[in-house]
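Here is what each chain is made of, one letter per residue.
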Amino acid sequence: MADTSDTQQDASGDKLPEWYREIFPAGAHDGFYEKLGQHALIHVDRGTEVLVVTFDNLSDAGYPDYDVKAWAEKFIRDSGHSHLGVVAQGPTWFRDARLIERMEKLAADGFFARFDRVVMAGTSMGGFGALAFADLAPGCDVIAFSPQTTLSEELVPWEKRFGPGRAQDWTLPRSDAAKTVGNVRKLWVILDPFFTPDMKQIQRLPEDKISVLKSFGQGHKTALVLRRMDLLKDTMTKAIDGTLSEKWFYSVTRKRKDLYLYRKTMEDHLQARGKQHRIPAFVAAFRTRARARQAQEAGKEGSSSAASSSDADTPRRAVAAMSRQNKTDAQITVETELQCPSRKPRTLGNVWNLSDDGVTLRYLSDQYRHQVMGFEERNGVTLAQSPEVALGMVSIGGTTAIPRPLPERFEYHIRDEFLSQDTAPQGAEAQGVAVLSYERAHCRALRTVFALSHPKPGITAAEAHPGSPYLQDVLDRIQDAKNSAQDHDRILYIDRISMDLLAGDIVTDELSAASHYIDTIRTLREHVARAADQISYPHVIVTQKPGTRTNGESEVALAEGRLDIHEPGLGILVASPSYMLEFMPDTVATIAPKDRMWLDELEALAVRAAQNGERWFCPSMRQVFRRGTDLVVEFATMTPLELDPIAARNAHGFALDGCVNDAQITGLHFEPAFQGGQRLVLSLDRFAEGPCLSVNYAWGMMREAPDGERPANHGALRETWSRPSLLQPERKLYRYALSGRLPVMPSELAGGVQ
């Protein structure tokens, strides 16, 4: 129930959320806003009759701008109920001591007791929140869509989903929702009983408290499917006023069988249960039912009663006759088009050039950002018209989960594997936005993009091994995306895998890290290409890690910076370092969302260059040798080098390692660039001595305490090449030099880069 249309602008053009307009000093209601680390509490007091407490889900969590809204905010406002929204800035599962302490203090102060009725609600992660905090309001009602009860490995070792969530601190209070629902009045749980992981979670709840509403064929997306059927608000309304019942729910959810998402989920259920032989008949029945429904709806739109009486059954008879004759979809399309009046598309925008072939509506509309473009509507899914080849973008690893403040979402082009619009603004989605932004800037057709983000920090070799649950999940989603593409007359092509392994690892040595990356890349490329039925391998993109706020000695970064050199045949693109960027507040080493999006754009440019047959690499050290007292550092580079004038105010980033006589770098200057490289000279105050003398750049730096939001590693070296950012027009894109470490040689290697 994410709200997207109720944010207004004040006179200066700044966005203001409606809840703030209600509780600011001149507003109509009392309330408060409190920020607690990665969480916030938003309360609007509209009376003491009903308080609805909602918790963010994964799709809503991480909204980067200040017009943030809690889950179901508009619905609750329109209903006139008081609201307490718990907002999360990421996949936290509300594992935060400050948040827990504050919620418990609200209860102790009598906050919840003021209201005649309290209802807690949420979906998935938000459902866990509703369960975990339910005992703060004894006698409350809870409605949870596909919730979890815990992600603690000790309690649910079989739970392999939600990697970022499982990485949270599950030793904090309220980590097991099975222990916090004992005092609720009514607990409604809506889930798909065919979806085993959700069922196993719910089986941990006390049977005498729980009422399960079974949403067959909806998978983990029960709230989304109800919203697609225009039933989510009705379900919430009845849960809040205490009139929700099994009889009503099952009577109104029968039309779920008309949804494309239901069909795909049921296919997965049949596949998982070894009943693949039933899938063709199931799909055929779904399509026949869809055509009959469309023909019936079209027949009802006849303009005269005579035409209605004589022709109303004609489309249905035509469909039945074609089925008996076992005609192809193409034949059915042609004949139905001749007999069915046009249906109306589901849009509030203007519509032009509407055509209806009985299966697909095609039309021009300005429904997306008031831009006129072509759309097609089929099986309840509306997509922008696009070329036949759809792009698949896979993003795995810890940085995938960082929510990006995307300037737009291209929601009619970028979808998940089930063609759902509810994609989180994570790694793959950011790649899709960057790619489509550049295609549009070059006046090229925009493709459909399947964004498949798999956030999980610290992926191990076992998790990347063929047959592992994690890799199988990646491949299953690609298979689902391929099937969805085929159902909409498109061909899926996975063109990139953005990868981040060994996040936070400061122990693994460079050789082991490189081996882990290379083995994982080989496995992923082969299996991803096979799952997508494509001949060529996708490009693999890596961004070099910055280290932490206090420790810059992780050799994983050194390995990442040399992956394209170690294995040139694997199509690896090292898009950029990240030491020059900032971290998110209150994190050890998580890149800030806007800076992560800056890196996403560079990654998209790197793939774009490779696809155009052009080179892309960041400056990197190739050799270091003595010239008298000075040290000469040679870089491979695409364009001449310079120092970032702002970063250089603090330090250029070069340091001596292994020096036994305390020689110091007193300055540096550039020599003229040559084809493929450039040298710079480090001036020393004395001849540096040491049996293992080396030069580090933007690596190996340590701090006793953090310095703001910056990594311990820092550097100012970059190319003179730059480009204005399309995603953040106020910024420029640069290729900075990669972090590195090289031993000092007594003399120049023969030839060098020249």
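Residues numbered from 1 in each chain as written. Predicted model: local features only at pLDDT ≥ 70, side-chain atom pairs only at ≥ 80, totals over all residues. Heavy atoms only, no water.

### Focus: helix H20 (residues 593-611)
So, step 1. Over its 19 residues, H20 extends 27 Å from the first C-alpha to the last, a length consistent with the 27 Å expected when each residue adds 1.5 Å.
So, step 2. Counting buried residues along H20, 16 of its 19 residues qualify, which places the element largely inside the surrounding structure.
So, step 3. Directly beyond the C-terminal end of H20, a positive phi value near 75° is found at Gly613. (Helix = DSSP H or I, 4+ residues; strand = E, 2+ residues; numbered from the N terminus. Expected span 1.5 Å × (residues − 1). Buried < 20%, exposed > 50% of the residue type's maximum accessible area, 1.4 Å probe, protein only.)

### Considering the pattern of salt bridges
So, step 1. Counted by the stated rule, this structure contains 45 salt bridges.
So, step 2. With its nearest N and O atoms 2.6 Å apart, the salt bridge here joins Arg627 to Glu671. With a gap of 44 residues between them, Arg627 in strand E21 (residues 620-627) and Glu671 in the loop between strand E25 (665-670) and strand E26 (677-684) connect regions that are remote in the sequence.
So, step 3. For the salt bridge of Arg735 with Glu719, the shortest nitrogen-to-oxygen distance reads 2.9 Å. One end of the pair, Arg735, is in strand E29 (residues 732-736); the other, Glu719, is in strand E28 (residues 717-724), and 16 residues separate them in sequence.
So, step 4. Taken together, the shared-partner salt bridges in this structure form one network comprising Arg404, Arg596, Asp600 and Glu603. (Salt bridge = Lys/Arg side-chain N within 4 Å of Asp/Glu carboxyl O.)

### As for the pairing of strand E17 (residues 449-455)
So, step 1. Counting buried residues in E17 gives 7 out of 7 residues, a clear majority hidden from the surface.
So, step 2. A two-sided burial pattern is seen for E17, the buried positions comprising Val449, Ala451, Ser453 and Pro455 on one face and Phe450, Leu452 and His454 on the other.
So, step 3. As judged from the 7 bridges shared by strand E15 (residues 389-397) and E17, these two strands associate in the parallel manner. Paired with Leu391 across the strands is Val449, a residue of E17. (Pairing = 2+ DSSP bridges.)

### Focus: the confidence of the model for the protein
So, step 1. Taken residue by residue, the protein gives an average pLDDT of 86. The fraction at 70 or more is 89%.
So, step 2. Within the model, the stretch residues 303-341 combines pLDDT values under 50 with 30 contacts to residues more than four positions away or in other chains. (pLDDT = per-residue confidence, 0-100. Contact = heavy atoms within 4.5 Å.)

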